[in-house]
Amino acid sequence: MAKKTKKRGPTPPRQVRQEARGRPGQIRPTNDRARAKRKANLITGGVILVLVAAAVVAGILTVRGGGDEVQLSTSLAPWPANTSDLPELMARADVPTPGTESFHNHVHVDVFVDGRRTPIPNGMGITTGLFAGIHTHDDSGVIHVEADEDFGATVGDIFTIWGVRLSPTCVGGYCEPDETIAVYVNGDEVDDFVNHAVEEHDEIAVVIGQEPEEIPDSYDFSDNPTIPSPTAPAASPSPTASGPPESPGASPS
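Every value quoted in this text rests on a predicted model; they were computed, and no experiment measured them.

Enquirer: Can you walk me through the packing of helix α3 (residues 86–93) against helix α4 (residues 155–162) in this structure?
Expert: How two helices pack is summed up by the angle between their axes together with the distance between the axes. The geometry of α3 relative to α4 is characterised by a closest axis approach of 8 Å and an angle of 165 degrees between their N-to-C directions. One element, α3, and the other, α4, form an angle in the roughly antiparallel class. The crossing of α3 and α4 is right-handed. Contact residues: Leu86, Leu89, Met90, Arg92 and Ala93 in α3; Asp157, Thr160 and Ile161 in α4.

Written out as structure tokens, the structure reads:
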């Protein structure tokens, strides 16, 4: 039987043979367009990283809600109430106006930074012509939660209306691991505190860094003049001189 021989193709040009000997097992890329695209992608990625870093350094966290940009403070305490962006903040947190106030709860918030209490601002959630269903009438830390019906207000919603960043690892400009973050409701630590739904007469203690000597587990709401007694008609307390004016035609308490 005759021996079969394998047919060989035409000999490649000398330049191709030399390149193959110089770089065995590799195929020389010949698509300049693909190389240019990869280079452009690397440049674009670098630009994006630079922009993100610049936003963090600027101390502003931008989030989207209701189709508008909302800026939540990432600065250090104390934090003023952000009333200039109130419509966007309400859309972000999906917080309604007080409406008929058929639903009317009160909770108290304490914020401690390294053991020292930081103030809760008067006039949070209130600006000319607009009230949010989450607001304050003084700087005592009492938060009024009011609407036509229960809208499931959370601790995170309170901070959004305040205009302050709250995440599982950050409060404003304080973030783990540099600072410890813990939130207590009626004396018990809560893990998922951002989404924790607040209830009537809750005492919420946000502890940043060193704990205070005592973590409050309750608050005497009867001593707060902005809360009407059960036997008295609801009043319309005006904010102090440092707070914003009352909205025309509205009188939430």
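Enquirer: Explanation requested: the side chain of asparagine 224 in the structure shown.
Expert: Checked against the element boundaries, asparagine 224 lands in the segment after β13 (203–208). Asparagine 224 sits in the buried class, given a relative accessible area of 4%. If we ignore the near neighbours within four places in the chain, the residues touching asparagine 224 are Asp138, Ser140, Val142 and Tyr219.

Enquirer: What is the right way to look at the environment of glycine 163 in this model?
Expert: Turning to its location among the elements, glycine 163 is positioned in the loop between α4 and β9 (170–171). Taking relative accessible area as the criterion, glycine 163 reaches 4% and is therefore assigned buried. Put simply, glycine 163 and valine 70 are 93 residues apart on the chain and 8.5 Å apart in space, counted from C-alpha to C-alpha. Ignoring sequence-local partners within four residues, the contact set of glycine 163 consists of Gln71, Leu72, Ser73, Asn82 and Leu89.

Enquirer: I keep staring at the pairing of strand β8 (residues 142–147) and nothing clicks. Help me out?
Expert: Successive residues of a regular strand alternate their side chains across the two faces of the sheet. With six of six residues buried, β8 is to be regarded as a mostly interior element. Going residue by residue along β8, you find Val142, His144 and Glu146 tucked away on one face and Ile143, Val145 and Ala147 tucked away on the opposite face as well. Direction of pairing for strand β7 (residues 134–135) relative to β8: antiparallel, over a ladder of two bridges. In the sheet register, isoleucine 134 faces β8, and the bridge partner there is valine 145. Counting the residues between successive antiparallel strands, the hairpin from β7 to β8 contains six residues, one of them, glycine 141, with a positive phi of roughly 100 degrees.

Enquirer: Where do I start with the pairing of strand β11 (residues 181–185) in this structure?
Expert: Among the five residues in β11, five count as buried, and that is most of the element. Of the strand pairs in this sheet, β11 and β13 are connected by five bridges, and their pairing is antiparallel. In the strand pairing of β13, valine 185 is matched with isoleucine 204. In this structure, β11 lies alongside strand β12 (residues 188–190), joined through three bridges in antiparallel fashion. Its bridge partner being in β12, valine 185 is matched across the sheet by aspartate 188. In this antiparallel pair of consecutive strands, β11 and β12, the connection spans two residues, and asparagine 186 shows a positive phi of 55 degrees.

The rules we used
- Residues numbered from 1 in each chain as written.
- Predicted model: local features only at pLDDT ≥ 70, side-chain atom pairs only at ≥ 80, totals over all residues.
- Heavy atoms only, no water.
- Axes fitted to C-alpha atoms, helices over the stretch in contact; angles between N-to-C directions.
- Helix = DSSP H or I, 4+ residues; strand = E, 2+ residues; numbered from the N terminus.
- Parallel < 35°, antiparallel > 145°, perpendicular 65-115°, else oblique.
- Left-handed = near helix turned anticlockwise from the far one by under 90°.
- Contact = heavy atoms within 4.5 Å.
- Buried < 20%, exposed > 50% of the residue type's maximum accessible area, 1.4 Å probe, protein only.
- Pairing = 2+ DSSP bridges.

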